[in-house]
Amino acid sequence: MNKDDLITKDFRGYKQARLPSIDEIISRVEPETPCGEYLRRYWHPVALSSEISQVPKEIRILGEDLVIFKTKENKIGLVHKNCPHRRASLVYGKIEKNGIRCCYHGWLFSPNGEILETPGEDPDSKSAAKLRKTFKLGAYPVKEFNGLVFSYMGPMKKIPEFPHYDAFDIPEITRRPYRIDYKCNWIQVLDAIMDPVHTSFLHGQSSGIQFSKGFAEIGELEFFERGIQYLGCNTRRVDDYVWVRVNELILPNFTQAGSAFAADGTKTRYFGRSSFTRWVVPVDDNNSIALAWGNFGERGDPIEFNTKEGCERIEAGEIMDRTWEEKQETPGDAEAVEGMGSISAHKGEHLMPTDYGVMVYRRRIRKLVKSLGEGKEPPQPQQKKGDIVRTNGQDTVLRAPKRNIDDRKFIKSIGSAVMKMQFEAEKMPIKDRDNHIINKLSNMEKNGAF
Ligand code: FES
Ligand SMILES: [Fe+2]
């Protein structure tokens with residue numbers, strides 16, 4: 001057998017033609033699935049405030065068809081789509097002072113699902129009176145906050161506090177609510193946040209420079225697992241500067257990163273905060289939405305990006321409404337993650353050391369899902385009532401020219417020192433914490449104390 005024959009024998013298409021399987025446990029989110037149950041232990045954003053009015057709107061979250069509306073008294077209702085009488089869709093319902101009235105036979109429902117009226121039935125009907133008293137349309141509690149509407153879709157006796165993140169109160173940040181729809185499973189959208197290396201390729205090389213030139217540098221990575229907080233710290237050298245960029249995931253789906261445009265590794269920045277504060281919410285097994293605020297100002301992204309298109313570029317590197325040719329020429333995150341298929345076949349992956357973050361957070365979700373199945377409730381981001389959840393997504397750029405030592409080790413040690421500083425300041429009151437970190441970083445740079 002000559003060499004050419006051997007090469008011919010090593011084509012592997014046929015052997016690998018079958019599509020590998022998906023990760024059923026973390027991909028399935030519909031009601032009564034293990035992960036669906038896990039996700040139903042947390043508050044999630046479900047819509048933008050601007051999408052909600054006295055015209056009912058149909059939405060789908062965690063595989064449930066829902067209708068969201070605002071009564072004439074300005075109360076938001078989030079209810080199951082189908083009327084419990086004969087299943088007409090409440091998206092055709094009419095909004096009244098205190099609820100939504102089904103178009104078909106006029107039953108009236110309050111935002112919490114109570115059946116207020118069954119007008120077609122005899123006023124003396126015992127069965128109608130009994131139903132009104134004993135049955136309710138499925139409904140969920142909502143909380144409107146800073147232009148996003150959140151809901152808790154789990155068992156009421158397990159409802160947690162609505163968590164308060166430090167990112168809600170960073171002074172001088174202008175927040176713009178946005179949503180981006182993805183035609184794929186939530187995990188592959190979430191993965192990108194624990195995959196800091198993709199920024200060097202997708203956002204810095206494959207599609208040209210989507211954010212800044214410095215992104216194309218390949219950094220030194222360090223991952224941190226802290227309770228249910230996962231941090232991916234990517235430290236790059238850009239000429240005489242060292243740029244520490246921290247991506248963040250708080251389980252199950254809260255994400256932050258550094259900035260998209262404010263830091264480029266060429267000028268000093270101390271503890272700049274994330275360009276977005278964002279949740280990746282499953283619509284169903286095959287679709288998801290990022291619901292978020294874009295953060296603009298001195299400590300966020302430049303204010304000129306405070307537009308719909310600016311938020312899209314921050315979220316995915318490119319605007320969303322593009323031709324096929326444009327998408328193929330310069331893919332962004334949407335193309336990268338949707339291209340995996342509606343549910344990525346995880347069994348066909350070959351995870352490498354740079355995928356460590358992806359591996360560990362998925363593993364943890366699997367574990368938490370399993371534990372919940374055994375009766376152990378999953379941890380919440382907020383440990384104690386009234387606590388503010390500390391977040392660490394950020395950019396720091398320090399002037400630290402090369403030294404006569406291994407530069408990869410040198411920059412990695414700077415990344416570690418910056419993270420240590422953040423962790424040590426974590427318990428401080430929020431306002432003091434930020435100033436403390438900023439001062440320490442400035443001193444560290446001034447004194448070359450790396
Ligand atoms: S189907 Fe809604 S009132 Fe009859
Ligand atoms: Fe990305």
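Since we're looking at a predicted model, the values are computed, not measured.

Remarks on the overall build of the chain
Thought 1: Secondary structure summary: the chain contains twelve helices and 21 strands in total.
Thought 2: A compact globule built from 450 residues should have a C-alpha radius of gyration of about 22 Å, and the chain, at 25 Å, falls within 12% of that.
Thought 3: If you line up the chain on its principal axes, its C-alpha atoms span 90 × 70 × 45 Å.
Thought 4: The buried share of the chain, taken over its 450 residues, is 42%.

Let's talk about the domain arrangement of the chain
Where interface size is quoted, it is often the accessible area lost as the parts come together.
Thought 1: Along its sequence, the chain is organised into domain 1 (43-146) and domain 2 (164-446).
Thought 2: Between domain 1 and domain 2, the C-alpha centre-to-centre distance is 37 Å.
Thought 3: With ten residues of domain 1 at the interface, the matching set in domain 2 holds eleven residues.
Thought 4: At the level of secondary structure, the elements contributing two or more residues to the side of domain 1 that touches domain 2 comprise β1 (43-48) and β2 (57-61).
Thought 5: Looking at the side of domain 1 that touches domain 2 element by element, the count peaks at four residues for β1.
Thought 6: Across the side of domain 1 that touches domain 2, the residue classes tally to five nonpolar, four polar and one charged.

A short note on helix α11 (residues 407-424)
Thought 1: An ideal rise of 1.5 Å per residue puts 26 Å on 18 residues; α11 measures up with 26 Å between its terminal C-alpha atoms.
Thought 2: Within α11, the full set of buried residues consists of Ile411, Ile414, Gly415, Val418, Met419 and Gln422. Each buried residue of α11 lies within a common arc of 130 degrees when the element is viewed along its axis, so the set occupies one face. Away from its buried face by more than 90 degrees, α11 exposes Lys409 and Lys420.
Thought 3: The secondary structure elements touched by the buried residues of α11 are β13 (220-226), β14 (229-238), β15 (241-250), β21 (394-399) and α12 (430-446).

As for the nonpolar core
Thought 1: Judged by nonpolar contacts, the single largest core of 101 residues is most densely connected at Val46, Ile61, Ile68, Val189, Leu249 and Val281.
Thought 2: With seven residues, the top contributor of residues to this core is β15.
Thought 3: Both domains that furnish three or more residues to this core are identified here as domain 1 (43-146) and domain 2 (164-446).
Thought 4: Apart from the residues within four sequence positions on either side, Val281 is in contact with His44, Pro45, Val46, Ile61, Trp186, Asn253, Ser288, Ile289 and Leu291.

Observations regarding the sheet that holds β2
Thought 1: Pairing is antiparallel across the open sheet formed by three strands, whose spatial order is β2-β3-β4. Of all the strands in the sheet, just β2 and β4 (76-80) have a single pairing partner and so form its edges. Taken pair by pair, the neighbouring strands of this sheet meet at an average axis angle of 30 degrees, ignoring direction.
Thought 2: Looking at chain direction, β2 and strand β3 (residues 64-70) are connected through five bridges and run antiparallel. Following the sheet pairing, Ile61 is matched in β3 by Glu64.

Considerations on the sheet that holds strand β9 (residues 142-145)
Thought 1: One open sheet accounts for three strands, arranged β1-β10-β9; its pairing is antiparallel. For this open sheet the edge positions go to β1 and β9, each flanked by a neighbour on one side alone. Looking at each pair of strands side by side, their axes are set apart by 30 degrees on average, direction ignored.
Thought 2: Where β1 meets strand β10 (residues 148-152), five bridges bridge the pair, whose relative direction is antiparallel. Paired with Ala47 across the strands is Val149, a residue of β10.

Observations concerning the pairing of β3
Thought 1: β3 sits mainly inside the fold: six of its seven residues count as buried.
Thought 2: The turn linking β2 back onto β3 is made up of two residues, and Leu62 within it adopts a positive phi angle of 50 degrees.
Thought 3: Relative to β4, β3 runs antiparallel, the two sharing five bridges. Considered in β4, the bridge of Lys70 is made with Ile76.
Thought 4: Hairpin connection, β3 to β4: the antiparallel pair is bridged by five residues, and Asn74 has positive phi, about 70 degrees.

Conventions used here
Every chain begins its residue count from 1, and numbering advances along the sequence as written. As a convention, the first chain written is A and the first ligand written is 1, with the rest following in written order. The model is predicted, so local features are restricted to residues of pLDDT at least 70 and side-chain atom pairs to those at 80 or more, both for listing and for counting; the totals for chains, interfaces and linings are taken over all residues. Every helix listed is a DSSP run of H or I at least four residues long, and every strand listed is a run of E at least two residues long, numbered separately from the N terminus. Atoms considered for the radius of gyration are the C-alpha atoms alone. The globule rule reads 2.2 Å times the number of residues to the power 0.38. Put plainly, a residue is buried at 20 or more neighbouring C-beta atoms within 10 Å of its own, exposed at 12 or fewer, and partly exposed in between, counting only other residues' C-beta atoms, which are placed from the backbone. Here the limits of each domain have been adopted from an automatic or database domain assignment. Remark: residues whose backbone-derived C-beta atoms lie within 7 Å of one another are considered to be in contact. All amino acids are sorted into three groups, where Ala, Val, Leu, Ile, Met, Phe, Trp, Tyr, Cys and Pro are nonpolar, Asp, Glu, Lys and Arg are charged, and the leftover types, Gly among them, are polar. The length a helix should cover is 1.5 Å for every residue beyond the first. Directions from the helix axis toward the C-beta atoms define the arc. By convention in this section, buried Ala, Val, Leu, Ile, Met, Phe, Trp, Tyr and Cys residues joined through C-beta atoms within 7 Å make up a nonpolar core. Here a strand pair is declared whenever DSSP counts at least two bridges between the two strands. Orientation is described by lines fitted to C-alpha atoms, with helices fitted over the stretch in contact, and by angles between N-to-C directions that extend from 0 to 180 degrees.

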